[in-house]
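In case you want the letters, here they are:
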Amino acid sequence: MTSAPPTSDTMRILILGGTGEASTLSRSLAGRADLAVMLSLAGRTASPKPEPVPTRSGGFGGAEGLARYLRAEAITHLIDATHPFAATISGHAARAAASAEVPLLAIRRPAWSREPGDVWIEVDRMEEAVAALGAEPRRVFLTVGRQEAGAFAAAPQHAYLARTVEPLGRILAVPDLTALEARGPFDIASEVALMRASGIEVLVSKNAGGAATYGKIAAARSLGIPVVMVRRPSKPDVPSVPDAAAALRWLDRGDHAGPATLRAV
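The rules behind each value
Residues numbered from 1 in each chain as written. Predicted model: local features only at pLDDT ≥ 70, side-chain atom pairs only at ≥ 80, totals over all residues. Heavy atoms only, no water. pLDDT = per-residue confidence, 0-100. Contact = heavy atoms within 4.5 Å. Axes fitted to C-alpha atoms, helices over the stretch in contact; angles between N-to-C directions. Helix = DSSP H or I, 4+ residues; strand = E, 2+ residues; numbered from the N terminus. Parallel < 35°, antiparallel > 145°, perpendicular 65-115°, else oblique. Left-handed = near helix turned anticlockwise from the far one by under 90°. Nonpolar A, V, L, I, M, F, W, Y, C, P; charged D, E, K, R; others polar. 1 Å grid on protein atoms, 1.4 Å probe; cavity = no way out; pocket = protein on both sides within 12 Å on 5 of 7 lines; lining within 4 Å. Points joined across faces, edges and corners; volume = space filled by probe spheres on them. Salt bridge = Lys/Arg side-chain N within 4 Å of Asp/Glu carboxyl O. Buried < 20%, exposed > 50% of the residue type's maximum accessible area, 1.4 Å probe, protein only.

Looking now at the confidence of the model for the protein. Mean pLDDT over the protein works out to 90, with 90% of the residues at or above the 70 mark. Counting interchain partners and residues more than four positions distant, the pLDDT-below-50 stretch residues 1-7 has five contacts. Under a pLDDT of 50 for its full length, residues 258-265 has, in the predicted model, 22 contacts with residues more than four places off or in other chains.

Here's what the structure looks like:
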């Protein structure tokens, strides 16, 4: 996609994306003459959704590579709108922004919280989620993404319904596997129907937050199905907002505190 040539007064924004928040912010900024926006995707999705702003795909070469990119492209504002579990890139963003002296804002959607009727087994790592399934065979609805699914090959006694955006391939080598490719949002009614039809006994999920995939959590609650919930990893302590609307206000306000300061990773 082409945009108007930037001037010396143009805000040059790099959005680290791959989430609904990044797409929403990109749509809000598209076409503005006072901005030059670049959306960066990690490249893990073979066919990402089209976006209304220029897009790049792939990594930068760590924090140092990202800092070099920020300087070379004269980026004035960096938005970390990556997935809540993308701890590595968020760490790189914090260090790169501090090094290049570029203001950084993270969009961090609120995590899901336990509600009455929820039966959650909370764990910190995927290996702990595998162990939490127990030794006895169970019918498992696995919704942790393609990259993490392979950990469950260590528990081949279970029957898995694994839902991913990209084809699962041979990552999860177990005897009883049903692979389902689908992209959210998913509503409660369809999730209830899917779990009932598949005889699901336990759901495994990351605590991604947001509305797009919350239907499975509400469905598990209504069906009395336990959830093995993987907690979020820690991320750098940087200025953050809960959604794209707040990030847009931050950009438009123009009174940012200055370059990012890395306080904790």
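Before going further, it helps to examine the packing of helix α1 (residues 20-29) against helix α8 (residues 244-253). At their nearest, the axes of α1 and α8 sit 9 Å apart, and the two run at 45° to each other. On the basis of their axis angle, the class for α1 and α8 is oblique. As for how α1 packs across α8, the hand of that crossing is right-handed. In contact with Glu21, Thr24, Leu25, Ser28 and Leu29 of α1, α8 contributes Ala244, Ala247, Leu248 and Leu251. The residue makeup of the contact of α1 with α8, split by class, is six nonpolar, two polar and one charged.

Remark: the empty space left among the atoms is shown by a probe the size of a water molecule rolled over them. Taken as a whole, this structure holds one cavity of 30 Å³ or more when the rule is applied. Roughly 50 Å³ of volume is contained in the largest cavity. If you go around the largest cavity, the residues you meet are Arg139, Val140, Ala159, Tyr160, Leu161, Asp176, Thr178, Ser198 and Ile200. Those elements that provide at least two residues to the lining of the largest cavity are β7 (139-143) and β8 (159-164). Here the residues of the lining of the largest cavity sort into five nonpolar, two polar and two charged.

It is worth spelling out the layout of surface pockets at this point. Roughly 160 Å³ of volume is contained in the second largest pocket. In terms of lining, the second largest pocket is formed by 14 residues, of which the most central are Pro84, Ile107, Arg108, Arg232 and Lys235. Of the residues assigned to the lining of the second largest pocket, the class counts are four nonpolar, four polar and six charged.

What follows concerns the pattern of salt bridges. One pass over the structure, following the stated rule, counts twelve salt bridges. Across the pair Arg125 and Glu128 runs a salt bridge, and its minimum N-O distance is 3.7 Å. With its nearest N and O atoms 2.8 Å apart, the salt bridge here joins Arg163 to Glu191. Here Arg163 is found in strand β8, whereas its partner Glu191 is found in helix α6 (residues 188-198), with 28 residues between them in sequence. According to the relative accessible area criterion, Arg163 is buried, its value standing at 8%. Within this structure, Arg32, Asp34 and Asp252 form a network of salt bridges that share partners.

Another point: the side chain of Glu191. Since its relative accessible area comes to 2%, Glu191 is described here as buried. Not counting residues within four places of it along the chain, the set of residues in contact with Glu191 comprises Arg163, Phe186, Gly215, Lys216 and Ala219.

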